[in-house]
Amino acid sequence: MGTLAVLSIRRPALIFIFITVLLDVVSMGVVVPVLPQLVLGFLGNDFSRAADLLGVFISVWAFSHFIASPVVGGLSDHFGRRPIILLSNLTLAMDHFLMAFAPALWVLFIGRALSGICSATVSTAYAYISDVTPGDKRAGSFAVLSTAFGLGFVVGPAIGGFLGQYDIRLPFLVAALLGLANFIYGLIILPESLAAGLRVPFSLQVANPLVSLRLFRRSNQLSRLGFLSFIMQMAQQVLPACAVLYMTYRYQWQVTQIGMALAYVGAVYIAIQSGVMRPLSNRVSEKTLAIVGFLAGTIGLWIYGVASAGVIFLAAIPIMEFWSLAQPSIYALMTKEVDAAEQGRLQGANSSVLALAGLLGPGLFAKLFAIGVNPEIGLNMPGLPFFVAAALMLLGLLVVIGLRGLQGSQIDKR
């Protein structure tokens, strides 16, 4: 595509992909407050066992995501972004129907595996944005996509918490219906973003999740950015692994309160992405934004761990959510290290990093939470996993400070 063609479709394409991702995230967000509660119900409210099993469930999701991500990225580079996104939306809707009627834990296990495969198309959404956005505008465009995620996690958990008080399985049915609506919307509206001349043959070697990570060896800068992405995603795994059980155990919150707390997280996330990230991305270098993000994540996670009262936990959310400045900045820097024909491969490799962190992190943090609350051990430290996550973010902060100077993009934008 020429520059004028890219600019002419950029805004409508952003709107299309924003709504598609929004509906997708809402459909996933409605189950967040209730899935741990459903697992607790199967296990007779045993928090220690539930934490261990929930860690397994999240790891299964991450393993499926890890295997599928480079395959999806390679397929989207070959067939285009649109068919991959549509197929994922439809399959995810069917998966939520399956989990809504799950009679046993093993059925939920299968459901989480399918969900991980479908969610691998997140990388396709980022590749879509890369297709239609000039390099110096991608950080801001990725922030738009991040806003869709944030908005989805405002609406989704709030709906899930509200519906969960009537029936713990009802949110899964709503998620399935939203997924079907997403599929229909994309089928009618979503245009293709990848020009035929930029498509490349599908390769099984590239589809290998471990081989796909070799892309990060291309340069020292890309290697460091890949490591930062891993550290960032690894630390963030503490939230899906422990947050709901942590709030239930430490503050005795019910599903409605948990849903509202998660909605508050999403609202703050949106405010930062739209009110802070977008304006700053045109004035401040990606490195500076990443430093602020890792610093905020370190402080926020530590406060989560020491918060003895729910009001302290809620007060720390705005601090913690400034970590989100780092994610689109790191992704934008990555896109500048590869050419246009490899954007799908890059996002597939980056999703493999995310999934690898998701494979290792949930089990680690769930086990730390189980140790912290196990009365037989007697540690009585439910915040233990948050302290470990804060240490990881601190490590990331030190690495990002050591990145080579990237101030030129800031000067060019001005």
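Residues numbered from 1 in each chain as written. Predicted model: local features only at pLDDT ≥ 70, side-chain atom pairs only at ≥ 80, totals over all residues. Heavy atoms only, no water.

Asks: Would you mind showing me how to read the pattern of salt bridges here?
Replies: One pass over the full model with this rule turns up 1 salt bridge. Linking arginine 81 and aspartate 77 is a salt bridge whose minimum nitrogen-to-oxygen distance equals 2.8 Å. Looking at aspartate 77, the relative accessible area reads 4%, which means it is buried. (Salt bridge = Lys/Arg side-chain N within 4 Å of Asp/Glu carboxyl O. Buried < 20%, exposed > 50% of the residue type's maximum accessible area, 1.4 Å probe, protein only.)

Asks: Quick question: what am I supposed to make of the environment of glycine 259 here?
Replies: Locating glycine 259 in the fold gives a position in helix α13 (residues 255–281). It is 9.1 Å that separates the C-alpha atoms of glycine 259 and valine 244, two residues lying 15 residues apart in sequence. With residues near it in sequence (within four places) discarded, glycine 259 still touches Pro33, Pro157, Ala158 and Gly161. (Helix = DSSP H or I, 4+ residues; strand = E, 2+ residues; numbered from the N terminus. Contact = heavy atoms within 4.5 Å.)

Asks: When you look at the environment of threonine 124 in this model, what are you seeing that I'm missing?
Replies: Residue position: threonine 124 is located in helix α6 (residues 122–132). Spatially, the C-alpha atoms of threonine 124 and isoleucine 84 are 7.6 Å apart, while their sequence positions differ by 40 residues. Apart from the residues lying within four places of it in its own chain, the contact partners of threonine 124 are Val72, Ser76, Arg81, Ile84 and Ile85.

Asks: What am I meant to see in the packing of aromatic side chains here?
Replies: In this structure the tally under the stated criterion is 9 aromatic pairs. Between tyrosine 246 and phenylalanine 313, the ring centres sit 6.0 Å apart and the planes meet at 40°, which makes this aromatic pair tilted. Taken together, the residues tyrosine 246 in helix α12 (residues 238–251) and phenylalanine 313 in helix α15 (residues 310–320) connect sequence positions 67 residues apart. The exposure classification of tyrosine 246 matches that of phenylalanine 313, with both residues buried. (Phe/Tyr/Trp six-rings, centres within 6.5 Å; stacked < 30°, edge-to-face > 60°.)

Asks: What exactly am I supposed to notice about the nonpolar core here?
Replies: Across soluble globular proteins, you tend to see nonpolar side chains buried next to one another. Within the largest apolar cluster, 104 residues are counted, with the highest numbers of intra-cluster contacts made by Ile17, Met247, Phe294 and Leu301. Beyond its immediate stretch of four places on either side in the chain, phenylalanine 294 contacts Leu228, Ile231, Met232, Ala326, Met393, Gly396, Leu397 and Val400. (Core = buried A, V, L, I, M, F, W, Y, C linked by side-chain atoms within 4.5 Å.)

That is the geometry; function is a separate question.
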